[in-house]
Amino acid sequence: MLILTRRPGERVVIGDEVLVTVMGVSGHTVRLGIEAPSGVSIYREEIWLAVKEENRAAAAAAEANPLPAAPPARRPPAPPEGSAPA
Amino acid sequence: MSLTFESVRFGKVEIPAEDVIEFPNGLIGLGGRRYALIDRNPGTGFLWLHEVDDPALALPVVGPEQFFSDFALVMAEEDRERTGIEDAAIARVYVTVRATPDPMDITANLRAPLVIHEGRGYQVINTLAEAALQAPLFTLSAGSAAQPARSGDAA
């Protein structure tokens, strides 16, 4: 991994088209500004990981489990105390 | 003009060529560039988003409004720029579904919907805090009582 030290206002250039600017540093928080071509998708890593996992799970789960032909019937009802049918 | 592709699940599938949806960035972590929405479970609300060039890659999806009356999508600025879709209201929106052995456990991914507009599709991030990655598709509230009961179940 390449490790660089930058100060607020300084930038890193990735390839010819991606610019990362350190906007500011406050305690443990770093604000980054990213300029990239519109076709490049940019995600916070934790969201990207979660969606990736969910997509893969959705594709795999469909192999094993048939989709219901109708909404499932209600589970054995747990009638609310004291309520009467309308 | 029609296009025929192979599906592990459905065999040969024929669709109108104009139904192919280009996903310039693919799906997150799954890739794929050309998908089609096919209806093999009519009347259930489930569609399949099938990769045209990968016989094994298909995900069940639903239109979120059908299952989530309060569904809303607010895209981040970077997604609006990337997709050229300023407002999700002009696009068709779907959410992926994770099938489970017990249908009551099926969830939909409201966090990362698919927006489709003018033959192009994108998976975007829903910035609304309440948009769950795994939202239960079915609830125990009223509305499903008329459906076939799972009569084998003991109380």
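In short, a report on the structure. The shown structure was predicted, so the numbers you read here are calculated from the model rather than taken from an experiment.

1. Re the overall build of chain B
A count of helical and extended segments in chain B gives two helices and 11 strands. Ordering the α and β elements of chain B from the N terminus gives β-β-β-β-β-β-α-α-β-β-β-β-β. On C-alpha atoms alone, chain B measures out to a radius of gyration of 17 Å, which is about the 15 Å that the 2.2 N^0.38 rule sets for 155 residues. For the C-alpha atoms alone, the extent of chain B along its principal axes is close to 50 × 40 × 25 Å. Here chain B holds 155 residues, and the buried ones make up 36% of them. Taking the intrachain contacts of chain B between residues at least 6 apart in sequence as the baseline, contacts between residues at least 24 apart amount to 47%.

2. Details of the environment of Leu47(B)
Residue and element names in this part refer to chain B. Residue position: Leu47 is located in strand β5 (residues 46-51). With 20 C-beta atoms counted inside 10 Å, the residue Leu47 sits in the buried group. In this structure the C-alpha to C-alpha distance between Leu47 and Val97, which are 50 residues apart in sequence, comes to 9.8 Å.

3. Concerning helix α1 (residues 45-64) of chain A
In this model α1(A) runs 29 Å from its N-terminal to its C-terminal C-alpha over 20 residues, within 8% of the 28 Å that 1.5 Å per residue would give. Residues of α1(A) that are buried: Val51(A), Glu54(A), Asn55(A), Ala58(A), Ala59(A) and Ala62(A). One side of α1(A) carries all its buried residues, which in axial view fall inside an arc of 125°. Relative to its buried face, α1(A) has exposed residues pointing more than 90 degrees away, namely Glu45(A), Glu46(A), Glu63(A) and Ala64(A). Looking at the buried residues of α1(A), the elements they touch are β6 (58-62) and β7 (92-98) of chain B.

4. What to know about the interface of chain A and chain B
Across the contact, 29 residues belong to chain A and 39 residues belong to chain B. Tallied by class, the residues present in the side of chain A that touches chain B amount to 19 nonpolar, five polar and five charged.

5. What to know about the environment of Ala91(B)
Residues and elements named next belong to chain B. Along the chain, the position of Ala91 falls in the loop between α2 (77-83) and β7. Separated by 47 residues in the primary sequence, Ala91 and Phe138 have C-alpha atoms spaced 25 Å apart. Contacts of Ala91, omitting those with residues within four sequence positions, involve Ile85, Val115, Ile116 and His117.

Parameters and conventions
- Residues numbered from 1 in each chain as written.
- Chains lettered and ligands numbered in written order.
- Predicted model: local features only at pLDDT ≥ 70, side-chain atom pairs only at ≥ 80, totals over all residues.
- Helix = DSSP H or I, 4+ residues; strand = E, 2+ residues; numbered from the N terminus.
- Rg over C-alpha atoms; globule rule 2.2 N^0.38 Å.
- Buried ≥ 20, exposed ≤ 12 C-beta atoms within 10 Å, placed from the backbone.
- Contact = placed C-beta atoms within 7 Å.
- Expected span 1.5 Å × (residues − 1).
- Arc of directions from axis to C-beta.
- Nonpolar A, V, L, I, M, F, W, Y, C, P; charged D, E, K, R; others polar.

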